[in-house]
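As a plain string of letters, each chain reads:
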Amino acid sequence: MAKLIYSVITSLDGYVADESGNFDWAAPDEEVHRFVNDLERSIGTYLYGRRMYEVMRYWETAHTAADQSPVGQDFAQIWQEADKIVYSKTLETASSARTRIERGFDPEAIRQMKARAGRDITVGGPELAAQALAAGLVDEVQLFLVPAVVGGGKSAFPNHFRLQLELLDERRFGNGTVHLHYRTG
């Protein structure tokens, strides 16, 4: 059975974007990006809300950018080869290959997907992740803590939500980012 993984880059105070919606402080350097690429190789399907999809669809054509680094080109290939499911009531069509749009998040459909998938699944974006967490679907949480405090914004986890986690692994990077890998309990 495939695992459902919530992987998120967050400030030290727990935000994926600041109060202005800015997240440029979270851009991974080459060392972190290479590590992310290695984690993402096992992913067969990305689950996104509309906003996260709109950010990530950059990778559909990123490989054509003249200044794209080899690590960026590698991630673009990983992303393009995976399936994407976008949960949106407003998005009419997908602008990337291997992408379908679902109008609503169905926990039972995700349970069935996990049972039959040959590769792991990730959920991207805190709002969609909140639904998956509340439904008990998330098997692992991977946090990339960036050494920045932004003071408010979009939280990585829902308010008033409790979850016990078991630490599986940790890694420190030269730029001060820390990766924490947990199993949900």
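In what follows, the accompanying structure is described.

Parameters and conventions
Residues numbered from 1 in each chain as written. Predicted model: local features only at pLDDT ≥ 70, side-chain atom pairs only at ≥ 80, totals over all residues. Heavy atoms only, no water. Buried < 20%, exposed > 50% of the residue type's maximum accessible area, 1.4 Å probe, protein only. Helix = DSSP H or I, 4+ residues; strand = E, 2+ residues; numbered from the N terminus. Contact = heavy atoms within 4.5 Å. Salt bridge = Lys/Arg side-chain N within 4 Å of Asp/Glu carboxyl O. Axes fitted to C-alpha atoms, helices over the stretch in contact; angles between N-to-C directions. Parallel < 35°, antiparallel > 145°, perpendicular 65-115°, else oblique. Left-handed = near helix turned anticlockwise from the far one by under 90°. Nonpolar A, V, L, I, M, F, W, Y, C, P; charged D, E, K, R; others polar.

Describing helix α5 (residues 126-134)
Within α5, the full set of buried residues consists of Pro 126, Leu 128, Ala 129, Ala 130, Ala 132 and Leu 133. Residues of α5 that are buried in the fold lie against β1 (4-11), β2 (15-18), β3 (43-49), β4 (83-87), β6 (120-124) and β8 (153-155).

A closer look at the side chain of Thr 122
In this fold, Thr 122 is placed in strand β6. What makes Thr 122 buried here is its relative accessible area of 6%. Each residue touching Thr 122, except ones within four places of it in the same chain, is listed here: Leu 4, Ile 5, Ile 43, Thr 45, Tyr 46 and Leu 47.

Examining the pattern of salt bridges
Under the counting rule described, the total for this entry stands at 14 salt bridges. Ionic pairing is found between Glu 140 and Lys 3, a salt bridge with its closest N-O pair at 3.3 Å. Separated by 137 residues along the polypeptide, Glu 140 in strand β7 (residues 140-146) and Lys 3 in the segment before β1 bring together distant segments of the chain. Among the ionic pairs, Lys 154 bridges to Glu 127, the shortest N-O distance being 2.5 Å. Placement of the pair is Lys 154 in strand β8 and Glu 127 in helix α5, with a sequence separation of 27 residues. Looking at Lys 154, the relative accessible area reads 31%, which means it is partly exposed. Look at the salt bridges and you will find they share partners, linking Lys 3, Asp 120 and Glu 140 into a network.

As for the environment of Leu 167
For Leu 167, the location among the structural elements is in strand β9 (residues 165-172). In this structure Leu 167 comes out as partly exposed when scored by relative accessible area, which is 43%. Measuring from C-alpha to C-alpha, the distance between Leu 167 and Tyr 182 comes to 4.5 Å, with 15 residues separating the pair along the chain.

Details of the packing of helix α1 (residues 30-40) against helix α3 (residues 70-81)
It is the contact of α1 with α3, at a shortest axis distance of 10 Å, that shows an interaxial angle of 25 degrees. Classified by the angle between their axes, α1 and α3 sit roughly parallel to one another. Regarding α1 and α3, the two cross each other, and that crossing is left-handed. Within the contact between the two elements, α1 uses Glu 30, His 33, Arg 34, Val 36, Asn 37 and Glu 40 and α3 uses Val 71, Gly 72, Asp 74, Phe 75 and Ile 78. Across the contact of α1 with α3, the residue classes break down as 4 nonpolar, 3 polar and 4 charged.

Keep in mind these values describe shape, not function.
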